[in-house]
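Residues per chain, in single letters:
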Amino acid sequence: MKNLILIITLLFSVPVIAQDKDIVTKTFKVDGNCGMCKKRIEEAAFVKGVKRAEWNKGTHVLTVTYKPSKTNDENILKSVAHAGHSSELVKTTDAEYKKLPECCQYKTNTCEH
Amino acid sequence: MDRIYKQLLLGSLMMLALQANAQTDSTKKLKDVTVRKRRSPYTMLDPIKKELVSNRDLLKAACCNLSESFETTPSVDVAFTDAISGYKQVQMLGLAGPYTMITRENIPDTRGLAAITGLTFTPGTWIEGMQLSKGTGSVVNGYESVAGQINVEWKKPFEDKDEKLLLNLYQSSQGRTEGNIVYRNKFSDKLSTNLFVHGKTQWLKLDGNGDGFLDQPLDKQFVAANRWFWFGPNGWEVQGGVKGVFVENAGGQWDYKEGDVQGLGKPWGYTMSTQRAEAWAKIGKMFPNKPATSVGLQLSGLYHDQNAVYGTTNYLATQRSFYANLIYQSIIGNTNHVIKAGASSLIDNYDETLRAVNYTRNEVVPGIFAEYAYTMSSKFNLVAAIRGDYHNLYGAFATPRLHVRYAPFARTVFRASVGRAQRTANIFAENMGYMASGRSFYVRSAATGSKPYGLDPEIAWNTGVNLTQKFTLDYRDGALSVDYYYTQFQNQVVVDIENPHAVNFYNLVGQSFANSLQAQFDYELIHNLDMRLAYRWYDVKTTYGGTLKERPLIAAHRAFANLAYETRNHWKFDYTVQWIGSKRIPSVHEHHSTVIAPESYSPSFFQMNAQISKTWNENLEVYLGGENLTNYMMHDPIIGADNPYAPGFDASMVWGPIMGANFYAGFRLKLR
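This is a predicted model, so every value here is computed, not measured.

Calculation criteria
- Residues numbered from 1 in each chain as written.
- Chains lettered and ligands numbered in written order.
- Predicted model: local features only at pLDDT ≥ 70, side-chain atom pairs only at ≥ 80, totals over all residues.
- Heavy atoms only, no water.
- Helix = DSSP H or I, 4+ residues; strand = E, 2+ residues; numbered from the N terminus.
- Rg over C-alpha atoms; globule rule 2.2 N^0.38 Å.
- Buried < 20%, exposed > 50% of the residue type's maximum accessible area, 1.4 Å probe, protein only.
- Contact = heavy atoms within 4.5 Å.
- Lys, Arg positive; Asp, Glu negative; His and termini not counted.
- Charge placed at Lys NZ, Arg CZ, Asp CG, Glu CD.
- Areas by Shrake-Rupley, 256 points an atom, 1.4 Å probe, with all protein chains shown as cover.
- Pairing = 2+ DSSP bridges.
- Axes fitted to C-alpha atoms, helices over the stretch in contact; angles between N-to-C directions.
- Parallel < 35°, antiparallel > 145°, perpendicular 65-115°, else oblique.
- Left-handed = near helix turned anticlockwise from the far one by under 90°.
- pLDDT = per-residue confidence, 0-100.
- Phe/Tyr/Trp six-rings, centres within 6.5 Å; stacked < 30°, edge-to-face > 60°.
- Lys NZ or Arg CZ within 6 Å of the ring centre and 35° of its normal.
- Core = buried A, V, L, I, M, F, W, Y, C linked by side-chain atoms within 4.5 Å.
- Patch = residues over 30% accessible without salt bridge, like charges linked within 9 Å, V, L, I, M, F, W, Y side chains within 5 Å.
- Salt bridge = Lys/Arg side-chain N within 4 Å of Asp/Glu carboxyl O.
- 1 Å grid on protein atoms, 1.4 Å probe; cavity = no way out; pocket = protein on both sides within 12 Å on 5 of 7 lines; lining within 4 Å.
- Points joined across faces, edges and corners; volume = space filled by probe spheres on them.
- Nonpolar A, V, L, I, M, F, W, Y, C, P; charged D, E, K, R; others polar.

Focus: the overall build of chain B
A count of helical and extended segments in chain B gives three helices and 38 strands. For 672 residues, the compact-globule estimate of 2.2 N^0.38 gives 26 Å, and the C-alpha radius of gyration of chain B, at 25 Å, lies within 12% of that figure. When the backbone C-alpha atoms are referred to their principal axes, chain B occupies close to 80 × 65 × 55 Å. The burial tally for chain B puts 57% of its 672 residues in the buried class. Within chain B, counting contacts between residues at least 6 apart in sequence, those at least 24 apart form 65% of the total. Side-chain charges in chain B split into 67 positive and 61 negative, and the spacing between the mean points of these groups amounts to 7 Å.

If you want it as structure tokens, here you go:
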């Protein structure tokens, strides 16, 4: 029992210790359509140094929490653009945009999901 | 040592508190953003707690139909009905499968004769997702659900994001081949259709434990369905569908051939053939000028015919059912007061013949219902409901139900429910597993009037409380959920197998109850690595011939852990390990002898499943997996296997896996 408590304690402590002041949360407008886009955008935004990335398909706002010592806005949005989704800071190239599945091609298509 | 751990505990508690503060600062901005994505297995706003089983969860076990898909869900137990037929039944809250209502898009699905076997009639590939709720559900769907409700949503034809055509092939090392086709076509925004086709065959004879019996029967299964959606002008919506099922099973002793005469000195055989046809329609109308007001009509009809042979026992059964449900929904003033009211009619006709004795019955149950959902604030809401039904054989009865939700904080939800449920036990169809034994079937009833089998209806009261707490730890989400349910039977049709030579059915005299406690913890350990830990405890007891005893073949304890990892380049890894506690085995014959052994307990055991899959371009997915990797098996699942026509023969005392490790591979090809 004692050991169990110790293990649980450690489990909870480690991530807490790992956390420090080196963290910011920012929001960006990122173009996209649907749930499929959401997954792609969030995965792309999750570059090294990012702790959490969330894209709202209703408002098209991407909220990222990251460590400024390890990455920056441009890095993150470049990765998102590389996956085919433009943002206020970084536009995607035509070639990358065309790789998106049809329903995610937000410039021409919409999907009601 | 003592001091160290106390300090650590204190320290980490403080840090947790600090972190909680820090979190609220940084998440304040996020507040308006909807709480996120796939890692929330529960509904938060609904007064009825629903566990969401997503398509992703279903794919954790590539195999294959509804009953197997629950093997990765901690809330549902899956166990073989017997060591011959290969059928599995589910349990929720410690109660057998038929106590759970299975609905297909809110129309009752596998009722009656198909209560056990019917779960294999819905292939996993067809399913978009499921909602699982414990306790008595909504009265809109009827009065029957005692332990809970599982609603299955099929893939929709009008979802643009879905593939046009899904092809799936599966092959296992134990000689099972399966194929699925799911096709959708959207002719216009108004009209769309689905076509589902499923074929499965077990073609390899296997006897891993060397008892002379096939571990599972050879089979051929074919299921097809077609449905149409039409979204008309002025808020009209129409859906209609048909489904057909054709299954042939043949098992038993190795040398048995279908159609052979059975008796002493000849091979013991099992065959079952099932034909089932279903048709349903949903007609809905929304009123554009009246907000949130709609009328819906659900219609469904089915014909089910099965012919089973277990040695010298022949069980023939036919079911014809018709169901109609009219639902009116509206609001009083604003959407804080939603009412649903309506009328339903359930007609069941059964014609069964067991060992040359015929049982027929007609049940006609018209009913009316009303459900009121009140939302006081985002913190408090409730659903209060009542229905009244008139059963032609059992008379009138009322079904009240109440669900309350209280959320003191945005991510903390307490819920409580209480409700009544009633159902007619289909004693033979629900206990077919016992036909794979030398047991005699006795119905101990007063045999008065025209009651089904001369027995009373099963009536139960179910109460439950649950807590769901979502949290964010180091920017990753998790959820903790604890629930407790208590089901008490006012009457139950007791299935008494305490005598090794008989199955006795009788009305409950004394107590019968089920306590169920479950705790589940979900957390994203590192980015894209999801962990699920669960533990559940049952205390299920029934009075058998004057003695309150633990219900047999139910594990009191079960622990469950699942890890799921997904890489950026679409590799998925899934690992599930379970520990299943010991189960009470009633007094049975000793193996290879005529001596009767006293009741005993089965050993506890571990089970492991793992699966790897890789997806290319979101279009082709290939998977490879293994089940029962610990290779744990019951040594002698069939008692008296070398003398199947003797009274000691019993293949129904199954408490664990019958087959060893199974490996499988398959693919899903999606054409868009």
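Observations regarding the overall build of chain A
Helices and strands together make up the secondary structure of chain A, namely four helices and three strands. The linear arrangement of helices and strands in chain A, starting from the amino end, is α-β-α-β-β-α-α. Among the 113 residues that make up chain A, the fraction classed as buried is 50%. Pairs at least 24 apart in sequence give 52% of the contacts found in chain A among residues at least 6 apart. Total accessible area on chain A is roughly 5,900 Å²; 58% of this is exposed by carbon and sulfur atoms.

Some points on the sheet that holds strand β7 (residues 127-134) of chain B
Residues and elements named next belong to chain B. In space, the five strands of this open sheet follow the order β1-β7-β8-β5-β6, with mixed pairing throughout. Bordering the open sheet on either side are β1 (51-54) and β6 (107-108), each of which pairs with just one other strand. As paired strands, β7 and strand β8 (residues 148-154) are joined by seven bridges and run antiparallel to one another. Looking at β8, one finds that Leu132 is bridged to Ile150.

Notes on the packing of helix α2 (residues 35-45) of chain A against helix α3 (residues 73-82) of chain A
Residue and element names in this part refer to chain A. Their axes nearest at 8 Å, the elements α2 and α3 cross at an angle of 140°. The angle between α2 and α3 places the two elements in the oblique class. For the pair α2 and α3, the sense of crossing is right-handed. For the pair α2 and α3, the contacting residues are Ile41, Ala44 and Ala45 in the first and Ile76, Ser79 and Val80 in the second.

Observations regarding the confidence of the model for chain A
Residue and element names in this part refer to chain A. Summarising the model, chain A shows a mean pLDDT of 81, and 79% of its residues fall at 70 or more. Across chain A, element-level confidence peaks in strand β3 (residues 61-66) with a mean pLDDT of 94 and bottoms out in helix α1 (residues 2-18) with 50. For the stretch residues 9-18, pLDDT sits under 50, and the model shows 12 contacts to residues farther than four places along the chain or on other chains.

Some points on the packing of aromatic side chains
All names here are of chain B. Applying the stated criterion to the full structure yields 32 aromatic pairs over all chains. Centroid distance Phe229 to Phe231: 6.2 Å. Interplanar angle 20°. Geometry classified as stacked. Phe231 gets classed as partly exposed once you look at its relative accessible area, which sits at 23%. Consider the rings of Trp571 and Phe573, whose centres lie 6.4 Å apart with planes at 15°: the pair is stacked. Taken together, Tyr315, Tyr359, Phe428, Phe441, Tyr453 and Phe505 form an aromatic cluster joined through their ring pairs. Above the face of the Phe287 ring, Lys290 is positioned so that its terminal group lies 5.6 Å from the ring centre. Across from the ring centre of Tyr538, 3.6 Å away, lies the NZ or CZ of Arg536, which sits over that ring.

Here's the deal with the nonpolar core
General note: in soluble globular proteins, nonpolar side chains tend to be found buried as a group. Membership of the largest hydrophobic core comes to 96 residues, with the highest contact counts inside it found for Met130(B), Tyr315(B) and Phe428(B). Among residues more than four places away in sequence, those in contact with Tyr315(B) are Leu113(B), Gln306(B), Asn307(B), Ala308(B), Glu352(B), Thr353(B), Leu354(B), Phe428(B), Ala429(B), Met432(B) and Met435(B). Counting 26 residues, the second-largest nonpolar core is a separate cluster that includes Cys34(A), Tyr66(A), Val80(A) and Tyr106(A).

Quick look at a nonpolar patch on the surface
All names here are of chain B. A contiguous nonpolar patch, built from Val465, Leu480, Val482, Tyr484 and Leu517 and spanning about 350 Å² of accessible area, is present on the exposed surface. When residues of the nonpolar patch are assigned to their parent elements, the largest contribution, three residues, is made by strand β24 (residues 476-491). Residue class for Val482 comes out partly exposed when judged on its relative accessible area of 30%.

Let's talk about the side chain of Gln298(B)
Within the secondary structure, Gln298(B) is located in strand β15 (residues 294-310). Among all residues touching Gln298(B), those that are not within four sequence positions of it are Asn106(B), Ile107(B), Ala281(B), Lys282(B), Tyr323(B), Ala324(B), Asn325(B) and Ile327(B).

Considerations on the layout of surface pockets
Residue and element names in this part refer to chain B. Taken as a whole, the second largest pocket holds about 1,200 Å³ of empty space. For the second largest pocket, the lining is made up of 46 residues, of which Asn106, Gln298, Ile327, Gln329 and Lys340 are closest to its centre. Across the lining of the second largest pocket, the residue classes break down as 20 nonpolar, 16 polar and 10 charged.

Things to note about unusual backbone geometry
All names here are of chain B. Even without glycine at this site, Ala356 takes up a positive phi of about 70°. Position of Ala356 relative to the elements: it lies in the loop between β17 (334-354) and β18 (357-375). Here Ala356 falls in the exposed class, since its relative accessible area comes to 75%. At Asn628, a position not held by glycine, the phi torsion is positive, near 50°. Residue placement: Asn628 occurs in the loop between β37 (620-627) and β38 (662-671). Overall, Asn628 belongs to the buried group, its relative accessible area being 4%.

What about the sheet that holds strand β1 (residues 24-29) of chain A?
The strands that make up a sheet are held in pairs by hydrogen bonds between backbone atoms, and each pair lies either parallel or antiparallel. Residue and element names in this part refer to chain A. Strands sit in the order β1-β3-β2 across an open sheet of three strands; the sheet is antiparallel. Strands at the two margins of the open sheet, each flanked by one partner only, are β1 and β2 (50-56). Looking at each pair of strands side by side, their axes are set apart by 15° on average, direction ignored. Direction of pairing for β2 relative to β3: antiparallel, over a ladder of six bridges. Across the sheet, residue Glu54 finds its bridge partner in β3, namely Thr63.

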